[in-house]
Amino acid sequence: HDMRRKQVAVVQAGSRLFDTPATLVRMEALCAQAKDAGAELVVFPEAFVGGYPKGLDFGARLGSRTPQGRDDFRRYWEASIEVPGPETQRIGEMAAAMNAVIVVGVIERGPGTLYCCALTFGSNGELLAKHRKLMPTALERLIWGCGDGSSLAVTATPCGRLGAAICWENYMPMLRSTLYAQNVEVWCAPTVDDREVWHSSMRHIAVEGRCFVLCACQYLTLEDCPADYTGVPLTPGGPLIRGGSTIVSPMGEVLAGPVYANECVLTASIDLDDTIRGKYDLDVTGHYARPDIFELRVNRSPQKAVEFQQPD
């Protein structure tokens, strides 16, 4: 049963905004820190590679956009990465160097559309999974496209069955059921939601799904941003994103965090068998379900705007 004991970590740190090479250097240092702590699984925040430009409005008003806003988008597009691409190759090398599984939030660049994604890398450096956030929140809809059901998968790893729900996807009950139905054991929640009430959701999901929840939130300051950055912190002099990362057990016990004051790497030792102990009395897509009353259908086919058929 000791095989089911794992050392896990969540990283609370911000990107170097609009400077992806510098962000990857920072990521390497944070991976080294997690490796020193013996981590076999490391979760990074939402949009860690590519950035979360909190406070920018991209020049949008109902009915109009500004030239400056378009240029802000161009700058953001340039900081985004292709998946797969040279940056994912490098992140894979980080996973291999620490012999650990990495889950990291990135901004994926399509030809003209950006997607907020969670990527999962195996400890051999292989890109195992890409999940695109299904539903961008509020103004995020101007800068990110929507994912589809094809990436709502749980990935088997030596650190358990991993699922990722990005930021407010954690508030989507049917998305949660979709992951629970695939027997998610370690629920990774990359986020930038630093509100105190977010912590309640992380504990709730752990208990509802009888899974471990690893929540990684950015800690982003103005020092992480370019000198000409126009976003402002909600609290004058405070950080743009203040963290709140945490690790929770399947019975809702808080194993680490939440931390709101600084950059950090939180670690915990987990026993994957606790997911089984928890499901003894609550399995929301098993013995505690009522499929004779409730039904959920999930469309997992990729959605394409244009389908090209081969000539006969």
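**Concerning the overall build of the chain**
Working step 1: If you tally the helices and strands in the chain, you get seven helices and 16 strands.
Working step 2: Taking 2.2 N^0.38 as the reference for a compact globule, 312 residues should give roughly 20 Å; the C-alpha atoms of the chain span a radius of gyration of 19 Å, in line with that estimate.
Working step 3: With respect to the three principal axes, the spread of C-alpha positions in the chain is 60 × 55 × 40 Å.
Working step 4: The burial tally for the chain puts 53% of its 312 residues in the buried class.
Working step 5: Here the analysis covers contacts within the chain between residues at least 6 apart in sequence; of these, 70% occur between residues at least 24 apart.

**Things to note about the sheet that holds strand β7 (residues 127–132)**
Working step 1: The mixed open sheet is built from six strands, whose spatial order is β7-β6-β5-β2-β1-β16. In the strand order of this sheet, the two ends are held by β7 and β16 (264–271), each with one partner. If you compare each strand with its neighbour and ignore which way they point, the axes differ by 25° on average.
Working step 2: Pairing of strand β1 (residues 5–12) with strand β2 (residues 41–43), which is carried by three bridges, proceeds in the parallel orientation. When the sheet's bridge partners are listed, V8 is paired in β2 with L41.

**A few points about a nonpolar patch on the surface**
Working step 1: On the surface, W168, Y171 and V197 cluster together into a nonpolar patch covering about 260 Å² of accessible area.
Working step 2: Structurally, V197 can be placed in the loop between β10 (186–191) and α6 (198–209).
Working step 3: Take V197: its relative accessible area is 48%, and that puts it in the partly exposed class.

**So, the pairing of strand β6 (residues 114–121)**
Working step 1: Taken across its eight residues, β6 has eight buried, putting it largely inside the fold.
Working step 2: Here β6 shows no split at all, with L114, C116, A118 and T120 on one side and Y115, C117, L119 and F121 on the other all buried.
Working step 3: As paired elements, β6 and β7 share five bridges and run antiparallel to each other. What sits directly across from C117, in β7, is R132.
Working step 4: The loop that links β6 with its antiparallel partner β7 comprises five residues; one of these, G125, has a positive phi angle of about 95°.

**Structural notes on the environment of E78**
Working step 1: Looking at where E78 falls in the secondary structure, it is placed in helix α2 (residues 67–79).
Working step 2: Looking at E78, the relative accessible area reads 47%, which means it is partly exposed.

**Observations regarding the sheet that holds strand β14 (residues 245–248)**
Working step 1: Taken in spatial order, the six strands make up an open sheet running β8-β9-β10-β11-β14-β15, and their pairing is mixed. Every other strand in the sheet has two partners, leaving β8 (155–157) and β15 (254–259) as the edge strands with one partner each. Recorded for the sheet is a direction-independent mean angle of 20° between the axes of neighbouring strands.
Working step 2: Two strands pair when backbone bridges link them, and strand β11 (residues 212–217) and β14 are joined in this way by three bridges, in the antiparallel orientation. When the sheet's bridge partners are listed, L214 is paired in β14 with I247.

**Some points on the pairing of β10**
Working step 1: In terms of burial, β10 is largely enclosed, as six of its six residues are buried.
Working step 2: The alternating pattern of β10 places V186, C188 and P190 and W187, A189 and T191 on opposite faces, both of which are buried.
Working step 3: Each parallel crossover has a hand, and the one from strand β9 (residues 160–164) via helix α5 (residues 173–180) to β10 is right-handed.
Working step 4: Alignment of β10 against β11, held across six bridges, turns out to be parallel. Residue W187 lies in a different strand from β11, and its bridge partner there is V213.
Working step 5: Handedness of the crossover joining β10 and β11 through α6 is recorded here as right-handed.

**Describing the pattern of salt bridges**
Note on pairing: side chains with opposite charge can pair once their charged atoms come close.
Working step 1: According to the stated counting rule, one finds 21 salt bridges in the structure shown.
Working step 2: The partner of E78 in a salt bridge is R74, with the nearest N and O atoms 2.8 Å apart. Of this pair, E78 and R74 both sit in helix α2, separated by four residues, roughly a single helical turn.
Working step 3: For R74, a relative accessible area of 37% puts it in the partly exposed group.

**Brief notes about the nonpolar core**
Working step 1: In terms of nonpolar packing, the biggest core is built from 28 residues, with M27, F44, V49, I91, I102 and V104 touching the most fellow members.
Working step 2: For this core, the elements supplying multiple residues, two or more each, are β1, α1 (20–36), α3 (86–98), β5 (101–109) and β6.
Working step 3: The greatest single-element share of this core, amounting to five residues, is contributed by α1.
Working step 4: In this structure, I102 is in contact with M27, C31, V42, F44, I91, M94, A95, L119, T120 and F121, ignoring residues within four places of it in sequence.

**Notes on the packing of aromatic side chains**
Working step 1: Enumeration over the complete set of coordinates arrives at eight aromatic pairs.
Working step 2: Through pairs of rings, three or more aromatic residues link up here, namely F18, F58, Y76 and Y229.
Working step 3: Between the NZ or CZ atom of R109 and the centre of the ring of W77, over which it lies, the distance is 4.3 Å.

Procedures and definitions
- Going along each chain's sequence as written, the residues are numbered from 1 onward.
- The model is predicted, so local features are restricted to residues of pLDDT at least 70 and side-chain atom pairs to those at 80 or more, both for listing and for counting; the totals for chains, interfaces and linings are taken over all residues.
- Side-chain figures throughout are based on the complete set of non-hydrogen atoms in the structure, without hydrogens or water.
- Secondary structure follows DSSP: runs of H or I at least 4 residues long count as helices, runs of E at least 2 residues long count as strands, and numbering of each begins at the N terminus.
- As defined in this context, the radius of gyration uses C-alpha atoms, and a globule is described by 2.2 Å times the residue total to the power 0.38.
- We call a residue buried when its accessible area falls under 20% of the maximum for its residue type, exposed when it is over 50%, and partly exposed in between, using a 1.4 Å probe and counting protein chains only.
- In what follows, a contact means two residues having at least one pair of non-hydrogen atoms within 4.5 Å.
- If DSSP finds at least two bridges between two strands, the strands pair.
- Helix axes are fitted only over the stretch in contact, all axes being lines through C-alpha atoms; the angle between N-to-C directions runs from 0 to 180 degrees.
- To count toward a patch, a residue needs a relative accessible area over 30% and no salt bridge; like charges are then connected within 9 Å, while nonpolar side chains (Val, Leu, Ile, Met, Phe, Trp, Tyr) are connected within 5 Å.
- Under the convention used here, a 1.4 Å probe and the Shrake-Rupley method define accessible areas, while residue burial counts only the protein chains that appear.
- Salt bridge, as applied in this entry: a Lys or Arg side-chain nitrogen positioned within 4 Å of an Asp or Glu carboxyl oxygen.
- Seen with its strands pointing away from the viewer, a crossover is right-handed if its path from the first strand over the helix to the second goes clockwise.
- Nonpolar core, defined: a set of buried Ala, Val, Leu, Ile, Met, Phe, Trp, Tyr and Cys residues in which side-chain atoms within 4.5 Å join the residues together.
- Centres within 6.5 Å are what make two rings of Phe, Tyr or Trp a pair, Trp counting through its six-membered ring; a difference in plane orientation under 30 degrees is then read as stacked, over 60 as edge-to-face, and the rest as tilted.
- We count a charge as sitting over a ring when the NZ of a lysine or the CZ of an arginine lies within 6 Å of the ring centre and within 35 degrees of the ring normal.

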